[in-house]
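Fold and geometry: a report
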Amino acid sequence: MPLPVAHSLISVSVCAAYRGGFSLKEDARWAGLFVFAGLLPDIDFITVPFLGFGAHRGVTHSFLFAFVVTACMYLFIRLWQSTVTPRLWVFLFIAMALHPVCDYFTYDYLVERGGVKLFYPFSKEYFESPFPVFMGIELRYWKTILSFHTLLALLYETLLSGSVLATTLWIIKTPLFSSRRNVEE
């Protein structure tokens, strides 16, 4: 799986697209919301001590989960701030749905599972890309978590997802998009 830093930077990229740019001072709370949405599918780690690692990348990594949870998040936010539009829900969904997509493009060390349940409950099959983009790490043992491979994966994922953020910010600054700064607060 990509490490939380990759999921977070990709979620901030979606936030920047939603906001029409990114300023840490102005957009920190929005970034926090998008990072929360982008990391939420890993809540299934709570079940690992009871069900084992096979439970990870299951129900919470499906597009249906992203659809339902982000709709609930949107409705809750709408109670707090009535000026937000359904556009927020669309971008929150994108941020959360990109989590299992990134996991799909990651080598899965748990061979007995192998992949992500993208289409649960319509399909209980695990899907895994034949061409991994992310290196993946072995999470079952401390010696592999605290390894040189994990450090390399962290650096690689930071560069890769940081490049996604930089590219998103660059595209937003092009004349086609620069006049579209979203003013939802």
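The coordinates are above.
1. What to know about the packing of helix 4 (residues 63-80) against helix 5 (residues 86-104)
- Look at helix 4 against helix 5: their axes get within 9 Å of each other, and the N-to-C directions meet at 145°. Seen along the crossing, helix 4 lies across helix 5 with a hand that is right-handed. The segment helix 4 lies against helix 5, with Phe63, Phe65, Ala66, Phe67, Val69, Thr70, Ala71, Met73, Tyr74 and Ile77 engaging Pro86, Leu88, Trp89, Leu92, Phe93, Met96, Ala97, Pro100 and Val101.
- Split into classes, the residues belonging to the contact of helix 4 with helix 5 amount to 18 nonpolar, one polar and no charged.

2. Structural notes on the environment of Leu33
- Position of Leu33 among the secondary structure elements: in helix 2 (residues 24-39).
- On the basis of relative accessibility, which here comes to 18%, the residue Leu33 falls in the buried class.
- Spatially, the C-alpha atoms of Leu33 and Ala95 are 10.0 Å apart, while their sequence positions differ by 62 residues.
- Discounting residues that sit within four places of it in the chain, Leu33 has contacts with Met73, Ile77, Leu88 and Leu92.

3. Some words on the environment of Glu128
- Mapping Glu128 onto the fold places it in the loop between helix 5 and helix 6 (142-145).
- A sequence separation of eleven residues divides Glu128 from Lys117, and the C-alpha atoms of the two residues are 9.2 Å apart.
- Residues within four places of Glu128 in sequence aside, it is in contact with Tyr104, Thr106, Tyr107, Asp108, Gly114 and Gly115.

4. Examining the packing of aromatic side chains
- Going through the model one piece at a time under the given rule, you end up with nine aromatic pairs.
- Relative to Phe91, the ring of Tyr18 lies with its centre 5.6 Å away and its plane at 55°, an arrangement referred to as tilted. Here Tyr18, found in helix 1 (residues 4-19), pairs with Phe91, found in helix 5; they are 73 residues apart in sequence, far enough to count as distant.
- What makes Phe91 buried here is its relative accessible area of 17%.
- Taking the centre distance of 5.8 Å and the plane angle of 25° together, the rings of Trp89 and Phe93 count as stacked. On the criterion of helical spacing, the pair formed by Trp89 and Phe93 is a turn pair, its members being four residues apart in helix 5.

5. Comments concerning the nonpolar core
- Trp30, Leu33, Phe34, Met73, Leu88, Leu92 and Met96 are the most contacted members of the largest nonpolar core, which has 26 residues in total.
- Put simply, the parts of the chain that give this core at least two residues each are helix 1, helix 2, helix 4 and helix 5.

6. As for the side chain of Thr168
- Relative to the elements of secondary structure, Thr168 occurs in helix 7 (residues 148-172).
- With relative accessibility at 17%, the residue Thr168 sits in the buried group.
- Engagement of the side chain of Thr168 in a polar contact is seen with the backbone oxygen of Val164, the distance being 2.8 Å.
- Among all residues touching Thr168, those that are not within four sequence positions of it are Ser13, Ala16 and Ala17.

Reading the values: rules and limits
- Residues numbered from 1 in each chain as written.
- Predicted model: local features only at pLDDT ≥ 70, side-chain atom pairs only at ≥ 80, totals over all residues.
- Heavy atoms only, no water.
- Axes fitted to C-alpha atoms, helices over the stretch in contact; angles between N-to-C directions.
- Helix = DSSP H or I, 4+ residues; strand = E, 2+ residues; numbered from the N terminus.
- Left-handed = near helix turned anticlockwise from the far one by under 90°.
- Contact = heavy atoms within 4.5 Å.
- Nonpolar A, V, L, I, M, F, W, Y, C, P; charged D, E, K, R; others polar.
- Buried < 20%, exposed > 50% of the residue type's maximum accessible area, 1.4 Å probe, protein only.
- Phe/Tyr/Trp six-rings, centres within 6.5 Å; stacked < 30°, edge-to-face > 60°.
- Core = buried A, V, L, I, M, F, W, Y, C linked by side-chain atoms within 4.5 Å.
- Polar contact = N/O pair within 3.5 Å; in protein donor to acceptor, adjacent residues only side chain to side chain.

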